[in-house]
Amino acid sequence: MTVRIHSPAGSIDRPHTEPAPAPATLEGVSIGILDNTKPNAGVLLGAAADELCRRTGARLVHTDTKNAALPAKDRVLNGMVREVQVVLTGSAD
Amino acid sequence: MGPMIELPDESPETLLAEFEARGWGDGLPLVAPTDERVEAMLAGTDPDEVIAVLPPRSGRADRRAIATNAVLAGCTPAVFPVVVAAVRALAQPEVNLRGVNATTHPVAPLVIVHGRVAETAGFNSGLGAFGPGNRANAAAGRAVRLVLLHVAGALPGPGDASTQGQPSKYTYCVAENEAASPWGPYPPGADAPAGAVTVHCGENPHNFHDMESDGPERILGKAASLMTTFGANNACIAQGEFFVLLCPEHAHTVAAAGMSRADTAQWLFDHARRPAGEYRAHFDLRAWTVEMEAAADDEPLAPTADPANIKVLVVGGAGKHSCVIPSWGMTTSVTVALDQPAGARP
C-alpha cells in the first residue's frame with residue numbers, strides 16, 4: 001500500500017536570481033573587482049583582472065571591498081552597478 | 001496543503017532511500033512525515049503561518065514545513081514550539097544565518113532551552129545534557145538542522161562550505177539547568193512564562209575540568225585559557241561571543257566567592273587576555289575595534305571587545321567539567337520567548 005508524505009523542503013519565497021547573461025565580447029567593457037578580503041583575494045582578483053584586460057581589451061575601472069562573512073553594503077553594490085558591467089569577486093580561504 | 005510525495009511504503013529503508021536520492025536528510029534514519037503525524041505536530045496551529053524565510057535558498061519556513069522536519073527528526077509535539085522558536089531566532093538579522101550556513105568554518109547553531117518548557121517537554125539540563133540519550137534534546141536539535149538542510153538549503157557543498165563539518169551539525173541542543181544555578185535563569189527573555197530559546201552559532205564545546213579548586217580563580221582561569229586559544233574562529237573578532245557553560249559544582253564554587261553572573265563575565269574579560277602583539281603575529285586579518293587596533297604590542301587584550309559578549313549559564317549534572325563554546329565570530333546570539341499563537345489548542 002502506498003503512503004503519502006509531506007515534502008520537507010517547503011516552498012521558495014522568491015525565485016532564485018540567475019546571473020546576468022555573459023556579454024558577447026569584453027572588448028571595451030568596464031570591469032570591477034569586489035574584493036571579499038579573504039587572504040590574497042585582492043592579489044588573485046587583481047591578477048585575473050589584469051590578464052582579462054590584456055587578453056580582451058576590457059578596462060578595469062572600479063575596485064571595492066566587502067567583509068567575506070557579511071553581505072556587501074548597498075553603497076558598494078550601487079557603486080558596482082553604476083560603474084561597471086562585469087564584476088570579478090569571490091575567493092575562498 | 002503543501003507538496004506531497006508518494007512512496008511504496010513507509011519503511012525506514014524506503015524513506016531513507018528516497019531522501020538519499022533527492023539529496024535530502026542527514027544520513028540517519030527518519031520518521032515518515034505522513035499527514036497524520038504532521039497534523040499531530042502542528043497541534044491545531046496555522047500550518048501556513050510563515051515563521052521565517054531562510055537563506056541561502058530563501059526557503060519559506062512555514063509551520064507545516066517545520067513540523068514536517070520535526071516529524072522526520074523524531075520530535076514529540078511537546079518539543080515542537082522549541083523548534084519553531086529556534087527557527088524564528090535563527091532568522092533574526094544579527095544571527096547572520098546566510099554566513100552561518102555558507103562559511104567554511106564548522107559552525108552549528110546551538111539551541112539552548114530555558115524555562116518551563118524544558119521540564120514539560122522533557123529536555124535534559126542535567127547529567128549528560130549534551131547527549132546522548134535524551135529524545136527531546138536530540139530530536140529538537142536534529143529538527144533544526146533538518147530545517148536548515150531542507151528549507152534553508154544548507155546542503156554540504158552548494159549551501160554549506162564547511163571544510164570538515166562537525167558532529168554538532170547533526171544535532172546541537174541542550175537545556176539550561178536553572179534549578180541548579182546560583183544565579184537564576186539566563187537573561188534576557190528567559191523568564192518568559194512558557195519558556196524561551198537561545199540560539200548561539202558556535203563551535204563544538206571546548207571542555208575544561210577542575211577537580212580540586214575551592215575558589216573561582218583556577219576554575220575560571222581554565223575557561224579563560226580556552227577563550228584565548230588562537231584556534232578559535234573568533235580569536236580576533238571584536239564582536240565574538242563566548243558561551244561559558246558551567247556545571248553546577250563549578251558555578252556554586254564561583255558564586256560562593258560572592259561573584260554574580262556579571263562578575264563572572266567581567267572576571268573572564270579581565271583575565272582571558274594575550275598581548276596584542278601575539279594576536280598580530282598570528283593574524284593578518286582582524287575584525288577589531290579602533291581601540292583594539294591602537295593597543296601596543298605588549299598590552300593584554302581580551303579576544304572580544306565587551307564583557308557583555310561573555311555569556312555565563314549553568315548546564316549539566318554532578319561532576320566538575322564545564323565548557324566554553326566560542327561563536328563563529330560574525331554572528332550574535334538571540335533569545336526569543338516561546339510563542340503562543342492565536343488558535344492554538346491548549
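Every value quoted in this text rests on a predicted model; they were computed, and no experiment measured them. (Residues numbered from 1 in each chain as written. Chains lettered and ligands numbered in written order. Predicted model: local features only at pLDDT ≥ 70, side-chain atom pairs only at ≥ 80, totals over all residues. Heavy atoms only, no water.)

Chemist: Any chance you could break down the environment of aspartate 50 of chain A for me, citing the residues and the numbers?
Modeler: The residue aspartate 50 of chain A is located in helix H1 (residues 41-56) in this model. Along the primary structure aspartate 50 of chain A and leucine 60 of chain A are separated by 10 residues, whereas in three dimensions their C-alpha atoms are 7.7 Å apart. (Helix = DSSP H or I, 4+ residues; strand = E, 2+ residues; numbered from the N terminus.)

Chemist: Could you give an account of the confidence of the model for chain B, with specific residues and numbers?
Modeler: All names here are of chain B. Looking at chain B, pLDDT values average 94 and 96% of them are 70 or higher. The low-confidence segment residues 341-346, where pLDDT is below 50, has 7 contacts with residues more than four positions distant or belonging to other chains. Across the predicted assembly, pTM comes out at 0.92 and ipTM at 0.90. (pLDDT = per-residue confidence, 0-100. Contact = heavy atoms within 4.5 Å.)

Chemist: Which residues make up the interface of chain A and chain B, and what values do they have?
Modeler: By convention, interface size is frequently given as the accessible area that disappears when the constituent parts associate. Contact residues are listed per partner, giving 22 residues for chain A and 37 residues for chain B. Taking both partners together, chain A and chain B bury about 2,600 Å²; carbon and sulfur atoms supply 58% of that area. Counting the surface chain A buries against chain B, the share from its top three residues, Ile5, His6 and Pro8 of chain A, is 31%. Linking chain A with chain B are 1 salt bridge, by the criterion used here. For aspartate 13 of chain A, the salt bridge goes to arginine 60 of chain B, with nearest N and O atoms at 3.4 Å. Of all the secondary-structure elements, those providing two or more residues to the side of chain A that touches chain B are strand S1 (3-6) and strand S2 (11-12) of chain A. In terms of residues, the side of chain A that touches chain B owes the most to one element, S1 of chain A, which gives 4 residues. Here 4 bridges tie S1 of chain A to strand S1 (residues 4-7) of chain B, and the two strands are oriented antiparallel to one another. Bridge assignment links arginine 4 of chain A to a residue of S1 of chain B, and that residue is glutamate 6 of chain B. (Buried area = accessible area lost by both parts, 1.4 Å probe. Salt bridge = Lys/Arg side-chain N within 4 Å of Asp/Glu carboxyl O. Pairing = 2+ DSSP bridges.)

Chemist: Can you break down the sheet that holds strand S7 (residues 206-209) of chain B residue by residue, with the values?
Modeler: Residue and element names in this part refer to chain B. If you walk across this open sheet you meet the 4 strands as S7-S12-S8-S11, and the pairing is mixed. Each edge of the open sheet carries a strand with a single partner, namely S7 and strand S11 (310-314). Averaged over all adjacent pairs, the angle separating strand axes in this sheet is 20°, with direction ignored. The pairing of strand S8 (residues 242-246) with S11 spans 5 bridges and is classified as parallel. (Axes fitted to C-alpha atoms, helices over the stretch in contact; angles between N-to-C directions.)

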